[in-house]
Amino acid sequence: MEERRVRVRFAPSPTGALHIGGVRTALYNYLFARQHKGDFVFRIEDTDSNRFVPGAEEYIIESFRWLGLQFDEGVSFGGDKGPYRQSERREIYKKYVDRLLEDGKAYIAFDTPEELESKRNEIQNFQYDARTRMQMRNSLTLTKEEMEALIADGTQYVVRFRVEPGIEVHIDDLIRGDVRIMSDIVDDKVLYKSSDELPTYHLANIVDDHLMEITHVIRGEEWLPSAPLHVLLYKAFGWEETMPRFAHLPLLLKPEGKGKLSKRDGDRLGFPVFPLEWHDPKTGEVSSGYRESGYFPEAVINFLALLGWNPGTEQELFSLDELVSLFDITKCSKSGARYDFQKGIWFNHEYILRKSSEEIAQLFAPIVANNGVEESMERITKVVSMMKDRVNFVKELWDLCSFFFIAPTEYDEKTVKKRWKADSALVMSELATVLEGIDDFTVEGQEPVVLAWVEERGYKLGDVMNAFRLALVGIGKGPGMFDISAFLGKEETLKRIERAVEILK
């Protein structure tokens, strides 16, 4: 048989913000598609009209635009196998529902929510299946006349899949191997609802995957219990030949404790669980996003790629192209991956180091301007090159190095107590005189002259430099002192020493 072109899909529901676990699922689909020179399809599964949230679809598309994961076809990307939004495919699904009914592989059920609840109270662990279906109100227990009368009266109904017991279902899973499940545990799932004339996820998903020629379904392990039903549906339609290979990814687990990662974990521990900031239109609640928190998209991708998979080497930093060439879906872990958000911060720091000082300066320049400072890109770049190795996020730079642009107006009390000695004012006044006499105010021009003066006067170098730092910075932090004074220039350096001497005495 001719080898089929690899086609995978990411099919979220527009019910709110995109969870970071969904982003990882999409990333693994993307890597798999690119590695096999295949197609990455974007489908919107919006058959649950009650849960639809305005703006969610646009949010999802914008998230992937920011992350740099490009779809080949789908909603807003074009393609010849659409429509790619399930709510626009009603007629297609109805045709396949009717086919199952005609073949006796599905049946119509009229049970009301109250009747179902009553049966649950009557039978412990009730399941609508081969053992109980003949006790219910459906097309298997009603006469043709009763059925037609109910439908004519506008009675709402659902269509259920008729699952035969005693069948061993094989799921060919790329991560978990040959998974075998008996059909007895699968209930007669609802495939279609007359109330909104829409299918449920189970039917829509199978029909779409078949018609869109999806070859591999890569999804979270929470969908594993649905896999036997999906295999049985493929067989019911006679589509065994084109059934996709499955791969059920491990869960993302809480950073601490048991269970899967939730938004509450992020709120409690102070990290985002959504790619972009989300404004909930129903509650007005605003949830933080990786983009707005200052993460680089490449760092987020790199971090997520290694949650549940690794290339088997010590390497941790990968470009998207490197991930594509190394990724192996069969090497994904079967067990859940703990969400170490601190590692995510580490990745962002590493990407700051990897980027040029010019690139970081472009991101830092608006922050400098917002603090009322007019400064050239050249000087901002100089500051960034001295300080970028000290931060995890670009936004942290201002607090760390505002002293390069604004002279201190007060001096840190603890540092003053510790570093400003009884003779510091006198020594600083002397240092000012030495500095004033230096023509070449570069690091190389200042350092030997000042060190020679310190030695000649018999001062302790540490005491001099600590007081010098306090005078220029206002606190005991920053890079090398001559780097600071060279950047500030002679005039500003002398001005700051004079002010410190005057205020601290």
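Note that the structure is a prediction, hence the values are computed from the model and not measured. (Residues numbered from 1 in each chain as written. Predicted model: local features only at pLDDT ≥ 70, side-chain atom pairs only at ≥ 80, totals over all residues. Heavy atoms only, no water.)

**Quick word on the overall build of the protein**
Working step 1: What the protein contains, in helices and strands, is 19 helices and 15 strands.
Working step 2: Whereas a compact globule of 505 residues would reach a radius of gyration of roughly 23 Å, the protein reaches 33 Å, over 25% beyond that.
Working step 3: Along the longest, intermediate and shortest principal axes, the C-alpha atoms of the protein span 110 × 50 × 40 Å.
Working step 4: Looking at the protein residue by residue over its 505 residues, the buried ones come to 51%.
Working step 5: Pairs at least 24 residues apart make up 71% of the contacts formed inside the protein by residues separated by at least 6 positions.
Working step 6: For the protein, the centre of its 66 positive side-chain charges and the centre of its 85 negative side-chain charges are spaced 3 Å apart. (Helix = DSSP H or I, 4+ residues; strand = E, 2+ residues; numbered from the N terminus. Rg over C-alpha atoms; globule rule 2.2 N^0.38 Å. Buried < 20%, exposed > 50% of the residue type's maximum accessible area, 1.4 Å probe, protein only. Contact = heavy atoms within 4.5 Å. Lys, Arg positive; Asp, Glu negative; His and termini not counted. Charge placed at Lys NZ, Arg CZ, Asp CG, Glu CD.)

**Quick look at unusual backbone geometry**
Working step 1: The omega torsion across G82 and P83 is 0 degrees, close enough to zero to call that bond cis.
Working step 2: Among the structural elements, P83 can be located in the loop between β3 (73-74) and α3 (90-102).
Working step 3: Phi at E197 is positive, roughly 55 degrees, even though this residue is not glycine.

**Points about the nonpolar core**
Working step 1: In terms of nonpolar packing, the biggest core is built from 159 residues, with I329, Y339, F364, F404, F405 and M428 touching the most fellow members.
Working step 2: The greatest single-element share of this core, amounting to 10 residues, is contributed by helix α19 (residues 481-504).
Working step 3: Residues contacting F405, with those up to four places away along its chain left out, are F364, V368, V373, E375, I380, V383, W398, F487 and R496. (Core = buried A, V, L, I, M, F, W, Y, C linked by side-chain atoms within 4.5 Å.)

**Quick notes on the pairing of strand β8 (residues 190-193)**
Working step 1: Inspection of the sheet shows strand β5 (residues 158-161) paired to β8 by three bridges, in the antiparallel sense. Bridge pairing in β8 links R160 to V190.
Working step 2: Strand direction decides the pairing type here: β8 and strand β9 (residues 198-199), joined by two bridges, are antiparallel. In the strand pairing of β9, K193 is matched with L198.
Working step 3: Following β8, the chain reverses through four residues before pairing antiparallel with β9; E197 in that reversal takes a positive phi of roughly 55 degrees. (Pairing = 2+ DSSP bridges.)

**Observations regarding helix α6 (residues 201-211)**
Working step 1: In terms of burial, α6 is a largely internal element, nine of the 11 residues being buried.
Working step 2: Within the sequence span of α6, burial applies to Y201, H202, L203, A204, N205, I206, V207, D208 and D209.
Working step 3: Where α6 is buried, its residues contact β1 (7-10), α3, β8, β9, β10 (216-220) and α7 (227-237).
Working step 4: Positive backbone phi, at 55 degrees, marks E213, one or two positions downstream of α6.

**Regarding a positive patch on the surface**
Working step 1: Together, K418, R419, K421 and K460 line one region of the surface with positive charge.
Working step 2: Relative to the helices and strands, R419 resides in helix α15 (residues 413-419).
Working step 3: Judged by its relative accessible area of 30%, R419 is partly exposed. (Patch = residues over 30% accessible without salt bridge, like charges linked within 9 Å, V, L, I, M, F, W, Y side chains within 5 Å. Areas by Shrake-Rupley, 256 points an atom, 1.4 Å probe, with all protein chains shown as cover. Salt bridge = Lys/Arg side-chain N within 4 Å of Asp/Glu carboxyl O.)

**Some thoughts on the sheet that holds strand β2 (residues 39-42)**
Working step 1: Across the sheet, which stays open at both edges, the three strands sit in the order β1-β2-β3 with parallel pairing between neighbours. Both outer strands of the open sheet, β1 and β3, are each paired with one neighbouring strand and no more.
Working step 2: Where β2 meets β3, two bridges bridge the pair, whose relative direction is parallel. Within the sheet, the bridge partner assigned to F42 lies in β3 and is G74.

**A word on the packing of aromatic side chains**
Working step 1: Taken as a whole, this structure holds 31 aromatic pairs when the rule is applied.
Working step 2: An angle of 85 degrees between the planes, with centres 5.3 Å apart, marks the rings of F64 and F71 as edge-to-face.
Working step 3: Under the relative-accessibility criterion, F64 is labelled buried at 2%.
Working step 4: The exposure class assigned to F71 is buried, which follows from its relative accessible area of 3%.
Working step 5: Chaining the aromatic ring pairs together yields one cluster made of F10, Y30, F40, F42, F64, F71 and F77.
Working step 6: Cation over ring: K343 sits above W346, and NZ or CZ is 4.2 Å from the ring centre. (Phe/Tyr/Trp six-rings, centres within 6.5 Å; stacked < 30°, edge-to-face > 60°. Lys NZ or Arg CZ within 6 Å of the ring centre and 35° of its normal.)

**A few points about the environment of F64**
Working step 1: Among the structural elements, F64 can be located in helix α2 (residues 56-67).
Working step 2: For F64 and L27, which are 37 residues apart along the polypeptide, the C-alpha to C-alpha distance reads 9.5 Å.
Working step 3: Residue contacts for F64: discarding those within four places in its chain leaves F10, L18, A26, L69 and F71.

**Remarks on the UniProt feature "binding site: ATP" (unreviewed entry) in the protein**
Working step 1: Mapped onto this numbering, the UniProt entry annotates "binding site: ATP" (unreviewed entry) at K263.
Working step 2: Locating K263 in the fold gives a position in helix α8 (residues 263-269).
Working step 3: Residues within four places of K263 in sequence aside, it is in contact with V273, F274, E285 and S287. (UniProt positions renumbered as here; feature names shortened; annotations may be inferred.)

**Description of the domain arrangement of the protein**
Working step 1: The assigned domain composition of the protein is domain 1 (87-249), domain 2 (263-352), domain 3 (355-404) and domain 4 (413-504).
Working step 2: Spacing between the C-alpha centres of domain 3 and domain 4 amounts to 24 Å.
Working step 3: Together, M386, F403 and F404 form the three largest contributors to the area buried by domain 3 at its contact with domain 4, with a combined 59%.
Working step 4: Here domain 3 is connected to domain 4 by zero salt bridges.
Working step 5: Run the count over domain 3 and domain 4 and you get four residue pairs in polar contact (both at pLDDT 80 or more).
Working step 6: Per-element tally for the side of domain 3 that touches domain 4: the top contributor is helix α13 (residues 377-387), with five residues.
Working step 7: Residue classes in the side of domain 3 that touches domain 4 are distributed as six nonpolar, no polar and four charged. (Domains from an automatic or database assignment. Buried area = accessible area lost by both parts, 1.4 Å probe. Polar contact = N/O pair within 3.5 Å; in protein donor to acceptor, adjacent residues only side chain to side chain. Nonpolar A, V, L, I, M, F, W, Y, C, P; charged D, E, K, R; others polar.)

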